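Single-letter residue listing:
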Amino acid sequence: TVNADETTYLNWSLTYAPTETITLQPGSEGKDSEVDEMFPDDNSGNDVSLWIGYTFSKWRSYLQFYLNPNPLPEGAIVTDANLKLYQFSSEGSGSFTVGLYNVTSYWGEHSITWRNQPNSSSKAEALCTIYTGSVTWRSWYIDDLVKGWLDGSIHNYGMLLKPKEETSNDKSAGFISSDSFIHTDKRPKLTINYYIP
């Protein structure tokens, strides 16, 4: 009860909800493929690499992580999520920015080509600066996109990765795909942090 012109103090103890992490890193059953403008009818669904950039030809990469059924415990609240790709090679010098875009229509891993690319959002969900000459993990933070996929407000058709600016043809980078049978620990992974309230 709170009375007029009086101050009432409420004190209670809070229980800390620790952050948990789940990492999805599929093997050959994973869904990813690159498309190449120079070979518009070729499919690369079985390739061990994913190239992104523009050196003599434009390369884009598509990925999709299956989130149905929901891999998180019931009632979990997502705090952040990120896509991680392992950069193993590059062409050109300097750096370029790769945008991650929400894909809005179906595509098949073993049928997608440059010519039949699915629809995608025009605005990047996340950006990552790629430095040529580096061999390392790269990350795109996609909290809102993953939350939407999990609660059903965004249909999960996966994501497109391409240079933010596809007007310069002097930089590109190669990443390990889910079909790599040598670097299995460097396959694409989706990391989701969450807590149970």
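Residues numbered from 1 in each chain as written. Predicted model: local features only at pLDDT ≥ 70, side-chain atom pairs only at ≥ 80, totals over all residues. Heavy atoms only, no water.

K.L.:
Any details on the pattern of salt bridges? Residues and values, ideally.
P.N.:
Tallying each qualifying case throughout the model produces four salt bridges. A salt bridge links Arg60 to Glu166; the nearest nitrogen and oxygen atoms lie 2.7 Å apart. Residue Arg60 is located in strand E4 (residues 57-64), and its partner Glu166 is located in the loop between strand E9 (159-163) and strand E10 (170-176); the two are separated by 106 residues in the primary sequence. Its relative accessible area of 15% is what places Arg60 among the buried residues. (Salt bridge = Lys/Arg side-chain N within 4 Å of Asp/Glu carboxyl O. Helix = DSSP H or I, 4+ residues; strand = E, 2+ residues; numbered from the N terminus. Buried < 20%, exposed > 50% of the residue type's maximum accessible area, 1.4 Å probe, protein only.)

K.L.:
Can you break down the layout of surface pockets residue by residue, with the values?
P.N.:
Considered as a void within the structure, the largest pocket measures approximately 230 Å³ in volume. Around the largest pocket sit Gln64, Tyr66, Leu67, Asn68, Asn70, Trp149, Leu150, Gly152, Ile154, His155 and Asn156, which together line it. Taken together, the residues of the lining of the largest pocket break down into five nonpolar, six polar and no charged. (1 Å grid on protein atoms, 1.4 Å probe; cavity = no way out; pocket = protein on both sides within 12 Å on 5 of 7 lines; lining within 4 Å. Points joined across faces, edges and corners; volume = space filled by probe spheres on them. Nonpolar A, V, L, I, M, F, W, Y, C, P; charged D, E, K, R; others polar.)

K.L.:
Now, about the nonpolar core: what can you tell me, with residues and values included?
P.N.:
Grouped together as the largest cluster of nonpolar side chains are 31 residues, with contacts concentrated most on Leu83, Leu100, Trp140, Ile142 and Leu161. Excluding residues that lie within four positions of it along the chain, Trp140 makes contacts with Ala81, Asn82, Leu83, Leu85, Val98, Gly99, Leu100, Ala126, Leu127, Cys128, Ile130 and Leu161. With eight residues, the next largest nonpolar core counts Val35, Tyr62, Trp107 and Leu160 among its residues. (Core = buried A, V, L, I, M, F, W, Y, C linked by side-chain atoms within 4.5 Å. Contact = heavy atoms within 4.5 Å.)

K.L.:
Summarise empty space enclosed by the protein; cite the residues concerned and give the values.
P.N.:
All chains considered together, the criterion is met by one cavity of 30 Å³ or more. Computed from the structure, the largest cavity encloses a volume of approximately 50 Å³. In terms of lining residues, the largest cavity is bounded by Pro26, Gly30, Lys31, Asp32, Leu63, Gln64, Phe65, Ser178 and Pro188. Contributions of two or more residues to the lining of the largest cavity are made by strand E2 (31-36) and E4.

K.L.:
I'd like a rundown of the packing of aromatic side chains, residues and numbers included.
P.N.:
Applying the stated criterion to the full structure yields five aromatic pairs. Between Tyr62 and Trp107 the ring centres are 5.7 Å apart and the planes differ by 50°, which places this aromatic pair in the tilted class. Residue Tyr62 is located in strand E4, and its partner Trp107 is located in the loop between strand E6 (95-102) and strand E7 (126-131); the two are separated by 45 residues in the primary sequence. Here Tyr62 matches Trp107 in class, with each residue buried. For the ring pair Trp140 and Phe175, a centre distance of 6.4 Å and an interplane angle of 65° mean the geometry is edge-to-face. Of this pair, Trp140 sits in strand E8 (residues 136-141) while Phe175 sits in strand E10, placing them 35 residues apart in sequence. For the pair Trp140 and Phe175, a shared accessibility class is recorded, and that class is buried. The rings of Trp51, Trp59 and Phe88 are connected pair by pair, giving a single aromatic cluster. The ring of Trp107 has Lys31 sitting right over it, with the charged end atom 4.4 Å from the ring centre. (Phe/Tyr/Trp six-rings, centres within 6.5 Å; stacked < 30°, edge-to-face > 60°. Lys NZ or Arg CZ within 6 Å of the ring centre and 35° of its normal.)

K.L.:
Quick rundown of the pairing of E10? Include the residues and the values.
P.N.:
In terms of residue burial, E10 counts as a mostly covered element, since six of its seven residues are buried. Where strand E3 (residues 49-55) meets E10, seven bridges bridge the pair, whose relative direction is antiparallel. By the bridge assignment, Thr55 is partnered in E10 with Asp170. The pairing of strand E5 (residues 77-91) with E10 spans four bridges and is antiparallel. Bridging from a neighbouring strand, Ser89 pairs with Gly174 of E10. (Pairing = 2+ DSSP bridges.)

K.L.:
Describe helix H1 (residues 143-151), and please don't skip the residues or the numbers.
P.N.:
Taken as a whole, H1 has its buried residues at Leu145, Val146, Gly148, Trp149 and Leu150. Those residues of H1 hidden inside the fold are in contact with E5, E6, E9 and strand E11 (189-195). At the exit of H1 stands Gly152, carrying a positive phi of roughly 90°.

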